[in-house]
Amino acid sequence: MPGDTLVGSAAGGWPFGGRGAGGVAGASVLLYWGGMALNDYADREVDAVERPGRPIPSGRVSPAVALGTATALTAAALGVAAVSGGRRALVTAVPLAALVWAYDLGLKDTPLGGPAMAAARGLDVLLAAGPDGARAAAPAAAVVAGHTGIVMALSRSEVTGSSATLPEATLAATTALAAGVAALPGASGRQRATAAAVLAVYLRTFGGAQFDAIRKPDPRRLQRAVGSGILGLIPLQAALAVRRGAAGTALPLLAALPLARRLSRKVSPT
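Residues numbered from 1 in each chain as written. Predicted model: local features only at pLDDT ≥ 70, side-chain atom pairs only at ≥ 80, totals over all residues. Heavy atoms only, no water.

### Some remarks on the side chain of S157
Relative to the assigned elements, S157 resides in the loop between α5 (113-155) and α6 (165-182). Discounting residues that sit within four places of it in the chain, S157 has contacts with S162, L166 and L222. (Helix = DSSP H or I, 4+ residues; strand = E, 2+ residues; numbered from the N terminus. Contact = heavy atoms within 4.5 Å.)

### Quick notes on the environment of I230
Assignment of secondary structure puts I230 in helix α8 (residues 219-243). Take I230: its relative accessible area is 31%, and that puts it in the partly exposed class. Separated by 79 residues in sequence, I230 and V151 place their C-alpha atoms 7.4 Å apart. (Buried < 20%, exposed > 50% of the residue type's maximum accessible area, 1.4 Å probe, protein only.)

### A few points about the environment of D104
Tracing the backbone through its elements, the reader meets D104 in helix α4 (residues 63-107). Of the residues examined, D104 reaches a relative accessible area of 7% and is grouped as buried. Filtering out sequence-adjacent residues up to four positions away, D104 remains in contact with G35, L38, N39 and A42.

### Some remarks on unusual backbone geometry
For W14, which is not glycine, the phi torsion reads 50 degrees and is therefore positive. Note that W14 resides in the loop between α1 (2-11) and α2 (17-42).

Set out below in C-alpha cells:
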C-alpha cells in the first residue's frame, strides 16, 4: 500500500527517485487489489455461509472473474514494478506477489497464516527501499509486520468472539510496539516529540478499540478492533516517517486518516 512504500522509500533514501517511488507505490496498490480479489475467490465457499452478501456468494461477481482479476492485477503490479525500479524492484516484488498468492490459496487458515501476512506487509515496506536500502528500512518493516501480526491475531476470533485474554494480549503488544517506535534512534528532539504525538493517535485509534473489546470480546467489538487496526496503520506509518526525518511524507498519511474513517463506515476495511 502507498503508506508502506512511502515509509520504505524514506527509510531507504528514496532509491528509485520521486517518479520511481510513485511507480513502486502503484505496484504495491495493484498487488493489494489483486490480493483482495484473490481472497474473495479463495473464501467463496466460507463466505457463502458466513457473509452471503460478499461479491461472489451474492452473484455480483463470478469466481472466474475474481480469479482473472487477481491474475491481471498481479501481472500489472509486476510490470509496473519492473518499469519503475527494474531488477532492483523485482527482487522484492516477485517474492511479495508469491507470498500474497500463497497466503490466500493455502496459508491463510493454517498457523502460518498470520506470520505470512505480517511478512507480506514487511516486504511491502522493503519493496520501496530497494536492495541497498533494505538494512536501513528493516526496523520500519519490522514494525509494520508486527502491527499486522497483532491485527491478524484479533481477526482469528472476529466471527466467533473470544475471552478477554486475547484483546488484553494484543493491547499489550500494541503498546509495546508504539514504545519501540518512540525509542528508535537517530531522531532530533522535535522529531521525537512529533512522533510521540502521532503515536498517541495510533494508540487512540487501535488501542481504544481493543480496550473496548476487553470489556466485551464479542464478534462485533472484535471486528471493530480489526477494522481500527487497519486504520491505525496510517498513523503508525506516519510516526515511522517522522522518525526518519520525513515529516513531509507523514503529513499526507495523516491527512488520509479522516477520509479512511469515513470510507470505512460505508465499505468495511476487512
